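Spelled out, the chains give:
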Amino acid sequence: MLEQELIHNAIDNLNQQTGLGIDYRVFEDGNINGELVLPNVKQRLLVECKKWLNKANLQKYLAELELTNMLTDVVLITDYINPNQATWLKDHKVPFIDLAGNAYINTPPVYIDIQGKKPEKPIQEITLAKQLGKAFQPKGMKVVFMLLAHPGLVNEPMRTIAEVAEVALGTVKQVLDDLIYQGFIVQKNTRNNKNAIKEIINPQVLLDKWLDAYPTTVEAKLNKEVYTTDNLELLRTLDLTDTNALWGGEYAVELCDNYLNAKDYLLYVQPEHKNKILKTARLRKATTNETLNKTTARVILAEPLLKIRKIKGEQGDMAHPYFIYANLLASLEPRNIDAARRFYENHIA
């Protein structure tokens, strides 16, 4: 797997620089990660492999570690940590190793602090081609979601997949090729390509990559508008029957589990039903102060990635659990990340 290659290459590179003989042991439960074994150190560092970190998913990663009190017990291994990210991780005492040779580990008697290394261009380009292909670009995200939600779809004709995912036929081929290349799709009976059966493997890892890409490739590109209301109860009891709209985010979790008290209200709504929602819930455009003021209820109307019926979950007027979970993680708020963990256990695992 590409993750294992990255981990082994990063550790080998660090050993060449330091001569420490750091070892890496893979867990026997089939998990792609494992633990780092340092010479003369009893403590084992769990290994977490994350590719192509940006500000959003790095903040999410730190928030998850803080919630589990594991900031110093997990070593982050990734393609490249830039100087700003390195400073941030070091300030939070989070150990890391990257493929370029940068590393920070402070586990006495071992102390490593290597910064300023830049990735070699050929390695960077090869890894980028592997990890940032069509599968996790905006249109590819539609295809990946439909494959995750309906695994049997992978063996349907590409034209069918294109129609279901609302993308061009060429996009489907590029996404499938990318997923095969990354090891998420395997083909059986390959002697006869016409009868080859495809199978999605490591769906949990694929979902994690989809969720990591969601904030920048989906959430940031949705057509959204922020409103507020002077009658919160009217909003909370909104009847979505015969309306192309679904609850997402915090309020969906509150309705599902009665655990999180929603502060923000996200509604996925098709454009043709937007005015009906505005009128029925008596929403008004939020001012700049109201948008920034966390004590004021924010109502976010977002045009969905796909037709409403395709992202609908099994429970009432709520979006598919993957979208709800992604909404919570994308917020980067600790209370939402904690709720996301509970939601995952109850509705996805």
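Cut-offs used in this document
Residues numbered from 1 in each chain as written. Predicted model: local features only at pLDDT ≥ 70, side-chain atom pairs only at ≥ 80, totals over all residues. Heavy atoms only, no water. Salt bridge = Lys/Arg side-chain N within 4 Å of Asp/Glu carboxyl O. Helix = DSSP H or I, 4+ residues; strand = E, 2+ residues; numbered from the N terminus. pLDDT = per-residue confidence, 0-100. Axes fitted to C-alpha atoms, helices over the stretch in contact; angles between N-to-C directions. Parallel < 35°, antiparallel > 145°, perpendicular 65-115°, else oblique. Left-handed = near helix turned anticlockwise from the far one by under 90°. Contact = heavy atoms within 4.5 Å. Nonpolar A, V, L, I, M, F, W, Y, C, P; charged D, E, K, R; others polar. Core = buried A, V, L, I, M, F, W, Y, C linked by side-chain atoms within 4.5 Å. Buried < 20%, exposed > 50% of the residue type's maximum accessible area, 1.4 Å probe, protein only. Pairing = 2+ DSSP bridges. Polar contact = N/O pair within 3.5 Å; in protein donor to acceptor, adjacent residues only side chain to side chain. 1 Å grid on protein atoms, 1.4 Å probe; cavity = no way out; pocket = protein on both sides within 12 Å on 5 of 7 lines; lining within 4 Å. Points joined across faces, edges and corners; volume = space filled by probe spheres on them.

*Asks:* Account for the pattern of salt bridges, with residues named and values stated.
*Replies:* Following the criterion strictly, the structure yields 13 salt bridges and no others. The shortest N-O distance in the salt bridge between Arg 25 and Asp 23 comes to 3.7 Å. Asp 113 is the partner of Lys 90 in a salt bridge, and the nearest nitrogen-oxygen pair spans 2.4 Å. Here Lys 90, found in helix 3 (residues 83–91), pairs with Asp 113, found in strand 7 (residues 110–114); they are 23 residues apart in sequence, far enough to count as distant. The structure contains a network of salt bridges with shared partners spanning Glu 166, Lys 307 and Lys 310.

*Asks:* I'd love a proper account of the confidence of the model for the chain, names of residues and values included.
*Replies:* The share of residues in the chain with pLDDT of 70 or more is 89%, and the mean pLDDT across the chain is 85. Ranking the helices and strands of the chain by mean pLDDT puts helix 5 (residues 138–149) first, with 95, and helix 4 (residues 121–131) last, with 49.

*Asks:* Quick one: what's the story with the packing of helix 8 (residues 203–217) against helix 13 (residues 321–331), residue by residue and with numbers?
*Replies:* How two helices pack is summed up by the angle between their axes together with the distance between the axes. Packing of helix 8 against helix 13 brings their axes to within 9 Å, and their N-to-C directions diverge by 55°. Between helix 8 and helix 13, the angle is such that the two are oblique. In this structure, helix 8 meets helix 13 at a crossing whose hand is right-handed. Along the contact surface, helix 8 presents Leu 207, Trp 210, Leu 211, Tyr 214 and Pro 215, while helix 13 presents Tyr 322, Phe 323, Tyr 325, Ala 326, Asn 327, Leu 329 and Ala 330. Counted by class, the contact of helix 8 with helix 13 contains 11 nonpolar, 1 polar and no charged residues.

*Asks:* An account of the nonpolar core is requested, with residue identities and associated values reported.
*Replies:* With 77 residues, the main nonpolar core has Trp 210, Trp 247 and Tyr 268 as its most contacted residues. Each residue touching Trp 210, except ones within four places of it in the same chain, is listed here: Phe 136, Met 141, Val 144, Phe 145, Leu 148, Tyr 322, Phe 323 and Ala 326. Judged by nonpolar contacts, the second largest core, of 22 residues, contains Leu 14, Ile 22, Val 47 and Ile 112.

*Asks:* Please set out the sheet that holds strand 1 (residues 23–26) residue by residue, giving values where relevant.
*Replies:* Read from one edge to the other, the open sheet built from 7 strands follows the order 1-2-3-4-5-6-7, with strand pairing classed as mixed. Of all strands in the sheet, those with a lone pairing partner are strand 1 and strand 7, marking the two edges. On average, each strand axis in the sheet is tilted by 30° relative to the strand beside it, whichever way the strands run. Sheet topology note: the strand 1/strand 2 (residues 34–37) ladder contains 4 bridges and is antiparallel. Looking at strand 2, one finds that Tyr 24 is bridged to Leu 36. Taken strand by strand, helix 2 (residues 55–67) contacts strand 3 (45–49) and strand 4 (74–78), and its axis lies near 165° from that of strand 4.

*Asks:* Explain the side chain of Thr 228 residue by residue, including any values.
*Replies:* Along the chain, the position of Thr 228 falls in strand 10 (residues 224–229). At a separation of 2.8 Å, a polar atom in the side chain of Thr 228 contacts the main-chain carbonyl oxygen of Ala 297.

*Asks:* Help me get a handle on the sheet that holds strand 13 (residues 283–285), residues and values and all.
*Replies:* In space, the 5 strands of this open sheet follow the order 11-12-14-10-13, with mixed pairing throughout. A single partner strand is all that each edge strand has here, and the edge strands are strand 11 (245–248) and strand 13. Averaged over neighbouring strand pairs, the angle between their axes works out to 35° when direction is ignored. In terms of strand pairing, strand 10 meets strand 14 (residues 298–302) through 4 bridges, oriented antiparallel. Residue pairing across strands places Glu 225 opposite Leu 301, the latter belonging to strand 14. Sheet strands touched by helix 10 (residues 249–257): strand 11 and strand 12 (264–269). Its angle to strand 11, the strand with the most contacts, is close to 85°. Packing against the sheet, helix 11 (residues 274–281) makes contact with strand 10, strand 11, strand 12, strand 13 and strand 14, and its axis sits at approximately 15° to strand 10.

*Asks:* Go over the packing of helix 5 against helix 6 (residues 158–165) with me, naming the residues and quoting the values.
*Replies:* At a closest axis distance of 9 Å, the pairing of helix 5 and helix 6 adopts a crossing angle of 105°. The angle between helix 5 and helix 6 places the two elements in the roughly perpendicular class. Contact residues: Lys 142, Val 143 and Met 146 in helix 5; Ile 161, Val 164 and Ala 165 in helix 6. Looking at the contact of helix 5 with helix 6, its residues break down into 5 nonpolar, no polar and 1 charged.

*Asks:* I'd like a rundown of the pairing of strand 6 (residues 103–107), residues and numbers included.
*Replies:* On a regular strand, one side chain projects to one face of the sheet and the next to the other, so that they alternate. Of all 5 residues in strand 6, 4 are buried; the element is thus mostly enclosed. Here strand 5 (residues 96–98) runs beside strand 6; their pairing, made up of 2 bridges, is antiparallel. Residue Phe 96 lies in a different strand from strand 6, and its bridge partner there is Tyr 104. Hairpin remark: strand 5 followed by strand 6, antiparallel, with 4 residues in the connecting loop; positive phi at Gly 101, about 110°. Connecting the antiparallel pair strand 6 and strand 7 is a turn made up of 2 residues.

*Asks:* Any details on empty space enclosed by the protein? Residues and values, ideally.
*Replies:* This model, assessed by the stated rule, comprises 1 cavity of 30 Å³ or more. In this model, the largest cavity occupies a volume close to 40 Å³. Every residue along the wall of the largest cavity is listed here: Ala 56, Asn 57, Lys 60, Leu 211, Asp 212, Pro 215, Leu 329 and Leu 332.

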